Amino acid sequence: SGLENFGVILRNLSITLSEGYQLHVRSATLHTCVLAYSEDKGSREEASKGGALDSWISEIVDLVQEDIFGMAAEMKETKDVGKRVIKEAVGVRSYDTVELLSGMVRFRPDEEGNAVRALVDPFINRLNDEESKVNMAVIKKVAELLGKVVIGFSNNKDADSEVVLRYVLGLIKGVLGDGIIGKRKREQEEDEDE
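Description of the structure in this document. A quick note: this is a predicted structure, and the numbers were derived from the prediction, not measured.

### Digging into the overall build of the chain
Point 1. For the chain, the helix and strand inventory stands at 10 helices and 0 strands.
Point 2. Counting from the amino terminus, helix and strand elements in the chain follow one another as α-α-α-α-α-α-α-α-α-α.
Point 3. Residue burial in the chain is summarised as follows: out of 194 residues, 41% are buried.

### A short note on helix α2 (residues 22-39)
Point 1. Between its terminal C-alpha atoms α2 stretches 25 Å, which fits the 26 Å expected from 18 residues at 1.5 Å a residue.
Point 2. Among the residues of α2, Leu23, His24, Arg26, Ser27, Ala28, Leu30, His31, Cys33, Val34, Tyr37 and Ser38 are the ones counted as buried.

### Considerations on the packing of helix α6 (residues 94-104) against helix α8 (residues 136-154)
Point 1. Look at α6 against α8: their axes get within 7 Å of each other, and the N-to-C directions meet at 35°. Handedness of the crossing formed by α6 with α8: right-handed. On α8, the residues that touch Tyr95, Asp96, Val98, Glu99, Ser102 and Gly103 of α6 are Lys141, Glu144, Leu145, Lys148, Val149, Ile151, Gly152 and Phe153.
Point 2. Among the residues forming the contact of α6 with α8, the class breakdown is 6 nonpolar, 3 polar and 5 charged.

### A few points about the pattern of salt bridges
Point 1. Counting across every chain of the model gives 6 salt bridges.
Point 2. Here lysine 148 makes a salt bridge to glutamate 99, at a shortest N to O gap of 3.4 Å. In this pair, lysine 148 is assigned in helix α8 and glutamate 99 in helix α6, connecting sequence segments 49 residues apart.
Point 3. On the basis of relative accessibility, which here comes to 18%, the residue lysine 148 falls in the buried class.
Point 4. On the basis of relative accessibility, which here comes to 21%, the residue glutamate 99 falls in the partly exposed class.
Point 5. Counted as one network, the salt bridges with shared partners bring together Asp96, Glu99 and Lys148.

### Re the packing of aromatic side chains
Point 1. Tallying each qualifying case throughout the model produces 2 aromatic pairs.
Point 2. Between phenylalanine 107 and tyrosine 167, the ring centres sit 6.1 Å apart and the planes meet at 90°, which makes this aromatic pair edge-to-face. In this pair, phenylalanine 107 is assigned in the loop between α6 and α7 (115-128) and tyrosine 167 in helix α9 (residues 161-178), connecting sequence segments 60 residues apart. Tyrosine 167 carries the same exposure label as phenylalanine 107, and that label is buried.
Point 3. Following the ring pairs from residue to residue traces out a cluster consisting of Phe107, Phe153 and Tyr167.
Point 4. The side chain of arginine 126 reaches across the aromatic face of phenylalanine 69, ending 3.9 Å from its centre.

Conventions adopted
Residues numbered from 1 in each chain as written. Predicted model: local features only at pLDDT ≥ 70, side-chain atom pairs only at ≥ 80, totals over all residues. Heavy atoms only, no water. Helix = DSSP H or I, 4+ residues; strand = E, 2+ residues; numbered from the N terminus. Buried < 20%, exposed > 50% of the residue type's maximum accessible area, 1.4 Å probe, protein only. Expected span 1.5 Å × (residues − 1). Axes fitted to C-alpha atoms, helices over the stretch in contact; angles between N-to-C directions. Left-handed = near helix turned anticlockwise from the far one by under 90°. Contact = heavy atoms within 4.5 Å. Nonpolar A, V, L, I, M, F, W, Y, C, P; charged D, E, K, R; others polar. Salt bridge = Lys/Arg side-chain N within 4 Å of Asp/Glu carboxyl O. Phe/Tyr/Trp six-rings, centres within 6.5 Å; stacked < 30°, edge-to-face > 60°. Lys NZ or Arg CZ within 6 Å of the ring centre and 35° of its normal.

The structure is reproduced here in structure tokens:
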């Protein structure tokens, strides 16, 4: 199916395409590889049932975050990037990559070191990170990423609806209770009490 070589491809993308316009080429190539795997029935089954991609999800999410929140995003938001010259610099395919991955991972959120948490937690943590600047642009990007995750999970043949609902409920409780929203709410309540 080709998934056995995915780690080598991912490692080489990370090492060789690491700066400037190469970041755009890297995200476009990553998307193309994940798209090809998702369209191949054997690879898709191997990924969702056998967990063939699960061990690489963290590395993929790191590349996605670099594309959406890092230097590549800054370059895309700059007007004079040379978008006309580099077709890979137009648009952001990483959102679609997240959707495809969500549709292929083994849906086992209760297992230790699982791909579901490796896929979702970094985006949730970005909202909870007090040291980074969480502004409306970041919130919108995270919301779009989580929307793509939802679409992917709904297409994931391995995702049982009851398990998905329990997982989402736990996520919501975590964000509202212990996360940044819960913390802000408690701070507001404390301010009102004073």
